[in-house]
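Working through the structure, step by step
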Amino acid sequence: VWVDVNVPRGTKAGEYRGELTVHAEQLKDTMRVPVVVEVLPAELPNRPSWIVELNSYGRIPGFAGVNADRQPDRAREALWKYYALGHQHRCELDALPYSQNGYVESPFYVPVLDGEGAGTHVADWSQWDAFMGPMLSGEAFTEEKGYVGPCAGEPISHMYMPFHENWPIPMSAKHYADYMECKTRLDFAEWAKKARRVEVAFHDQYKRGFVNVVREFFEHCADKGWTKTAFHFYYNNKYYWKVAFFGGMGRGGTSFWLLDEPVDFDDYDMNRFLLLLARAGHEAAGSPPIPVAYRTDVSQPEMHRGLWDGVCDLWNCSSLMRFGSTVTARRYWLPEEAFWRYGGGPGVSAPPVAMLRRLLASWTAGTTGDLPYWDTFHGRGPAWRKGEDLAIHYSGQNYANSGKSYDGPIASVRMKWMRRVQQDVEYLHLLAGKDGWDRWRVRSALAPFADDITEPVWSFDNMTTTQWNHLRQQVAATLLAE
């Protein structure tokens, strides 16, 4: 049994004592556990300054056992509960709203559109506002909604936008002059031989309609005052799902490119094209004060061939540990760029300190966030009986194979570890803001814990739990010293 003790913001520093009592039929007497909490005279920000993303490929209501089309009110509450769980753990759930086949999973992920081509526009915001608005305003995370914990009243830090190659404008021969029906790998090879640069092959009707709907999103959120959540324009779909290159794929995908984890020139070029359309929409809206990220998730960033310079400003790299020295150089010459690292989160059999090793290596490389698990929604059915490394959220549907259900999620222990490390990073940021300190001096102070400081990117694979606790005590003492 894991018990969280929330220390509300504004709590006076000092020692607080209490007692936890446990009653059970199997216990002859009540068990009493003394609890002592020492509150330091320092306060973490109510909004995370370093992002830990809990990635999901949509399907939240379905994962919760709710049919969003038939039970929209129940689906909305389930959605908020899942996002609230991330909020309470100082992590942010980010659910991709579309699939490889170009289908937007649930109607609440997008507003209702009307028109076609360049005339495509939003006809109705009401359902999108009802579902997403309270998370963009912070209303979904208030005491009135039963919310308790960190980030109370704060909106989500960021969200995937629904824009991709098949929305808001369909991917078809009507809009893409080089469109070709591909049923086999040989068909796809023929397309690849003939396809031109996408800037030339896509019709103006596609470009203008895409930009128009992006503009409307920014204008609408600015009008509503939803100006704290960053819009992430990120393109995920792959041609593996259009044509079966590997087993289990090839089931009606709409993309001709590897937009996630790009490899070839055309893949990087299409990412550039779509990101530039998103940028044009932001400018068309008058560049309102809404944070925005033009993001790519890329394993081979060194292959971008300059296509993304001045275009992509959030590079989420699985290969950050070998790309880290280039990150430092790019940040110097292109300070508007930010970097995350994705993948490689500790498995269910790993010790808690493994999460610190993983995320501290990312932080010392100069990142502004991290995505430890490529999907966090494998916590159903067999995951209750057998360890599943991607079970970060556990579904309340038939929880623990009990035959009982509720619409909310259950946090894995590793989500608790992520919160602990995120809080430790916040301590580092507080120290970096102290007179005489900055982030790079804090990084230098971490050298005794690193494996090899002669490496351009540090790792902490030998760090122990004892050292972890010692590090936290040292940071706190330095932070609070006069």
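The preceding data block contains the structure.
Model, not experiment: these values are computed from the prediction.

The rules behind each value
Residues numbered from 1 in each chain as written. Predicted model: local features only at pLDDT ≥ 70, side-chain atom pairs only at ≥ 80, totals over all residues. Heavy atoms only, no water. Helix = DSSP H or I, 4+ residues; strand = E, 2+ residues; numbered from the N terminus. Contact = heavy atoms within 4.5 Å. Phe/Tyr/Trp six-rings, centres within 6.5 Å; stacked < 30°, edge-to-face > 60°. Lys NZ or Arg CZ within 6 Å of the ring centre and 35° of its normal. Salt bridge = Lys/Arg side-chain N within 4 Å of Asp/Glu carboxyl O. Buried < 20%, exposed > 50% of the residue type's maximum accessible area, 1.4 Å probe, protein only. Axes fitted to C-alpha atoms, helices over the stretch in contact; angles between N-to-C directions. Parallel < 35°, antiparallel > 145°, perpendicular 65-115°, else oblique. Left-handed = near helix turned anticlockwise from the far one by under 90°. Nonpolar A, V, L, I, M, F, W, Y, C, P; charged D, E, K, R; others polar. Expected span 1.5 Å × (residues − 1). Bend = angle between axes of the 7 residues up to and from the residue. Core = buried A, V, L, I, M, F, W, Y, C linked by side-chain atoms within 4.5 Å. Pairing = 2+ DSSP bridges.

**Comments concerning the environment of Phe323**
Mapping Phe323 onto the fold places it in helix α8 (residues 320–333). Setting aside its immediate chain neighbours within four residues, Phe323 contacts Pro301, Glu302, Cys317, Arg330 and Phe339.

**With respect to the packing of aromatic side chains**
Overall, the coordinates contain 46 aromatic pairs when judged by the stated rule. Lys242 extends its terminal NZ or CZ atom over the ring of Phe256, reaching a point 4.2 Å from the ring centre. One cation-aromatic arrangement involves Arg443 over Trp458; the distance from NZ or CZ to the ring centre is 4.0 Å.

**Describing the pattern of salt bridges**
A side chain with one charge may pair with a side chain of the opposite charge, provided their charged atoms come close. One pass over the structure, following the stated rule, counts 31 salt bridges. The partner of Asp269 in a salt bridge is Arg197, with the nearest N and O atoms 2.6 Å apart. Linking Asp269 in helix α7 (residues 265–284) with Arg197 in the loop between α4 (185–194) and α5 (198–201), this pair joins segments that are 72 residues apart in sequence. Residue classification places Arg197 among the partly exposed positions, given a relative accessible area of 41%. Connected via shared salt-bridge partners are Glu53, Asp94, Arg295 and Asp297.

**Focus: the packing of helix α6 (residues 204–224) against α7**
Interhelical geometry of α6 versus α7 gives an angle of 50° and a closest axis separation of 7 Å. Classified by the angle between their axes, α6 and α7 sit oblique to one another. Seen along the crossing, α6 lies across α7 with a hand that is right-handed. Note on element contacts: α7 touches α6 through Phe273, Leu274, Leu277, Ala278, Ala280, Gly281, His282 and Ala284, opposite Tyr206, Lys207, Phe210, Val211, Val214, Arg215, Phe218 and Glu219. Among the residues making up the contact of α6 with α7, the classes are represented as 11 nonpolar, 2 polar and 3 charged.

**Things to note about α8**
With 14 residues, α8 ought to run about 20 Å at 1.5 Å a step, and its terminal C-alpha atoms sit 18 Å apart, in line with that. Its axis deflected by about 40° at Thr326, α8 carries its strongest bend there. Those residues of α8 that sit buried are Leu320, Phe323, Gly324, Val327 and Arg330. The inward-facing, buried residues of α8 contact β10 (314–317), β11 (338–342) and α9 (353–364).

**Considering the nonpolar core**
Formed by 123 residues in total, the largest nonpolar core has its most connected members in Leu79, Phe163, Phe233 and Trp257. Here Phe163 is in contact with Tyr98, Pro168, Phe210, Val213, Val214, Phe217, Phe233, Tyr234 and Tyr235, once residues within four sequence places are set aside. By size, the runner-up hydrophobic cluster in this structure holds 6 residues, among which are Tyr160, Tyr234, Tyr342 and Leu371.

**Structural notes on the sheet that holds strand β9 (residues 292–298)**
Taken in spatial order, the 8 strands line up as β4-β3-β12-β11-β10-β9-β8-β7 in an open sheet, and their pairing is parallel. Strand pairing shows two members of the sheet lacking a second neighbour, β4 (92–95) and β7 (158–160), which therefore form its edges. With strand direction ignored, the average angle separating the axes of adjacent strands in the sheet is 30°. Of the pairings in the sheet, the one linking strand β8 (residues 230–233) to β9 comprises 3 bridges and is parallel in character. Bridging across to β9, His232 finds its partner in Ala293. The strands touched by α6 are β8 and β9; relative to β8, the strand with the most contacts, the crossing angle is about 165°. α7 rests against β8 and β9 of the sheet, and its axis sits at about 170° to β9.

**Structural notes on unusual backbone geometry**
Here the residue pair Trp167 and Pro168 is connected by a cis peptide bond, since its omega of 15° sits within 30 degrees of zero. Within the chain, Glu261 stands out as a residue other than glycine whose phi angle is a positive 50°. Positive phi values are uncommon outside glycine, yet Arg305 reaches one of about 60°. Tracing the backbone through its elements, the reader meets Arg305 in the loop between β9 and β10.

**Points about the environment of Pro150**
Assignment of secondary structure puts Pro150 in the loop between α3 (126–137) and β7. Contacts of Pro150, omitting those with residues within four sequence positions, involve Asn6, Asn46, His87, Gln88 and Arg90.

**Here's the deal with the packing of α3 against α6**
At a minimum axis distance of 12 Å, the contact between α3 and α6 shows a crossing angle of 60°. For the element pair α3 / α6, the angle class is oblique. For the element pair α3 and α6, the recorded crossing hand is right-handed. Within the contact between the two elements, α3 uses Trp128, Asp129 and Leu136 and α6 uses Phe217, His220, Cys221 and Lys224. Among the residues making up the contact of α3 with α6, the classes are represented as 4 nonpolar, 1 polar and 2 charged.

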